[in-house]
Amino acid sequence: MCGIIGYVGGRRDAGFLVIEGLKNLEYRGYDSWGVAWKEGRKIAVCKETGKIGCVDAAKIAKEGNLAIAHTRWATHGGVTTENAHPHLSCNGSIAVVHNGIVENYEEIRRDLIAKGHRFLSETDTEVIPHLIEEEMKTTGDFAAAVRRACLKFEGRFAVLAMHAESGTLVAARTGSPLIVGVGDHEGYFIASDIPAFREHTSTVQYLDDGEMVVTDGRSILFSDLKTGAEREKREIEITWETAQVQKGKYAHFMLKEIMEQKDSIARAVNQDEGEIQTLAEAIRAAQGTFLSGCGTAAKACMAAEYFFSVIAGQHVNFAPASEFKLFHRFLKPQSLLIVVSQSGETADVLEAMKVAKSKGAKVLAIVNTEGSTIAREADYTLHINAGPERAVASTKALTGQMAVLMLIAYAMIGKLPKGRTRLLETAAAINDMLNPRYTSFIESLAEKIKDDKDLYIIGKSWNYPMALESAIKIQEVSYVHAEGFAGGELKHGPIALIEEGTPCIALVGNDEVRTDIINNAIELKARGGFIIGVAPERHAVFDEWIKVPDTDTAQAIVNIIPIQVLAYFLAVKRGKDPDMPRNLAKSVTVK
Ligand code: M6R
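Residues numbered from 1 in each chain as written. Predicted model: local features only at pLDDT ≥ 70, side-chain atom pairs only at ≥ 80, totals over all residues. Heavy atoms only, no water.

Focus on the overall build of the protein
Along the protein, the regular secondary structure elements total 18 helices and 25 strands. On C-alpha atoms alone, the protein measures out to a radius of gyration of 25 Å, which is about the 25 Å that the 2.2 N^0.38 rule sets for 591 residues. Its C-alpha atoms put the protein at 75 × 50 × 45 Å along the principal axes. In the protein, which comprises 591 residues, the proportion classed as buried is 61%. Put simply, the protein shows about 22000 Å² of open surface, and 48% of that area lies on carbon and sulfur atoms. Averaged over its 67 positive side-chain charges, the protein has a centre that lies 1 Å from the centre of its 76 negative ones. (Helix = DSSP H or I, 4+ residues; strand = E, 2+ residues; numbered from the N terminus. Rg over C-alpha atoms; globule rule 2.2 N^0.38 Å. Buried < 20%, exposed > 50% of the residue type's maximum accessible area, 1.4 Å probe, protein only. Areas by Shrake-Rupley, 256 points an atom, 1.4 Å probe, with all protein chains shown as cover. Lys, Arg positive; Asp, Glu negative; His and termini not counted. Charge placed at Lys NZ, Arg CZ, Asp CG, Glu CD.)

Set out below in structure tokens:
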């Protein structure tokens, strides 16, 4: 969703700093961008629709030690320059950028118009600078005015406001994330995401929900948004390096992250044994264990339903986070909700956690992003340690999530070492598999099917969620119509879609359901399907065979990887940018 960054401090090139920082947030997905900087006692603004990538920051923002910037992912109002942030107050001395939604903005806007305020955009955001301006008439103090305004807004949001006259930066959050970067030189950054300022500092302070922060670049003050009571904040050192958020030798982050999986899976497996064992016991003791997440993370949850069933003989219930609240009747104080999220900021997941907590249930979070809201609000947290994932399409996070969930399933039957060994062997097998010959073969396959308009993927058991995941991956980066099915469901409807030459991918393992899924592939072939088998062993039904290592219970982890590579090459060959798919955002912080 929207990316936010602000800076105030000793440097005179604040505008340049925030535009460069914004470029590091491009991966979040956006359709327009803008920057405001202090120029003398005034605020200068530059806003554009489209991408920021090639903009020469030095040419736009000149002198000034205070600036804010924003990438907008349109919700209220179309993609236009007027709707891009920052938005200004009538007197031009307050500029605001915002992430989230001000749900009661229509009412506030009507009131402000009646008081003489003039609006230039269709956004909910624009009420913020105007209401702050209005509140300043009462308090005379910028920070107090921001507080009073924020308390009138409904919804989940993060606001960053600058004031030219006092040279102050104020941020408030009631949902969407905000992090302070303590500058190595004098000054502070405030951003929605650490990569925005990582090259300038590794010391951060997290804002919690319902908190506010005020800084003039020399000192910083955290407080409770409602009461104004001062809050102590710990400084935390980030462990990952700037290089981890750069593409290196790869053309795209997506490919880089796919290739990293040999290492990231091994890192995911490297968990504290005692902690995994405790969580395994908590699942055994729980009266109802639920799994929830969104998109790709939801597919990891679905795969885990099979891990828990086949490996541990344990019943767990999956629901997509956006549907979870409808099952609140089944939650008790003894229930356990396991949420899975790469970003740790997904609004629907936070909502599911809220529902579980309201029933007294405990929450275990499996996340990638350290310090994220989900990580901090859960009762127990496990990190998958995949390192920053920049491409919108989630790849290495998925396999890390599945590895951790599988490890817990093994721990439940007292076989944690066996699970660990299996997963480490899987990581090693992936290392061998992802060689240049292998990826070129998949590239040639992408060339063959790149102009087909439909693509179907089938799987059974844990390969069924991987068929669904394959479809997401292909859809989101290549825009090819792809759909995943449980192989057995074909004859109940979807098989009517198969025509002569329709590409169909079958995800196969050397397991108890191998014969079933091969039979489903044969049914597809009989209707003209062009069968691509992803399997440890060749079969006569395959027109093309993508060989994968036989990794037993970890087959789902291995089978999805060639499809990630295929999705990547389909995107590239169709002239799409796999790192920045249209209409999508990396972390979805609105419901
Ligand atoms: O950050 P999260 O794991 O909570 O994100 C969940 C989904 O938004 C995410 O997996 C999305 O589906 C990806 N674009 C898929 O590649």
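Here we look at helix H4 (residues 127-139)
An ideal rise of 1.5 Å per residue puts 18 Å on 13 residues; H4 measures up with 18 Å between its terminal C-alpha atoms. In terms of burial, H4 is a largely internal element, ten of the 13 residues being buried. Turning to H4, its buried residues are Val127, Ile128, Pro129, His130, Leu131, Ile132, Glu133, Glu134, Glu135 and Met136. Buried positions along H4 lie against strand E5 (87-88), strand E6 (94-100), helix H3 (105-114), helix H5 (142-150) and strand E7 (157-163). One or two residues past the end of H4 sits Gly140, with phi positive at roughly 75 degrees. (Expected span 1.5 Å × (residues − 1). Contact = heavy atoms within 4.5 Å.)

Notes on the site of the ligand
Near the ligand lie 13 residues; those nearest to it are Ser341, Gln342, Ser343, Thr346 and Glu476. At 2.6 Å, a side-chain N or O of Ser343 approaches an oxygen atom of the ligand. The separation between an oxygen atom of the ligand and a polar side-chain atom of Thr346 is 2.5 Å. In isolation the ligand exposes 410 Å². Once the protein is present, 91% of that is buried. Among the detected pockets, the ligand sits in the second largest pocket. Counting only elements with at least two residues in the shell around the ligand, the list comes to helix H9 (295-310) and helix H16 (463-478). The greatest single-element share of the shell around the ligand, amounting to three residues, is contributed by H9. (Near = heavy atom within 4 Å. Polar contact = N/O pair within 3.5 Å; in protein donor to acceptor, adjacent residues only side chain to side chain. 1 Å grid on protein atoms, 1.4 Å probe; cavity = no way out; pocket = protein on both sides within 12 Å on 5 of 7 lines; lining within 4 Å. Sits in = over half its atoms within 2 Å of the grid points.)

Structural notes on the sheet that holds strand E19 (residues 362-367)
Sheet architecture is open: five strands sit in the order E17-E16-E18-E19-E20, paired in parallel fashion. Looking at which strands have only one partner, the edges of the open sheet turn out to be strand E17 (317-318) and strand E20 (380-383). As paired elements, E19 and E20 share four bridges and run parallel to each other. Paired with Leu364 across the bridge in E20 is Tyr380. Contacts from helix H11 (residues 347-358) reach strand E18 (336-341) and E19, with the element oriented near 170 degrees to E18. (Pairing = 2+ DSSP bridges. Axes fitted to C-alpha atoms, helices over the stretch in contact; angles between N-to-C directions.)

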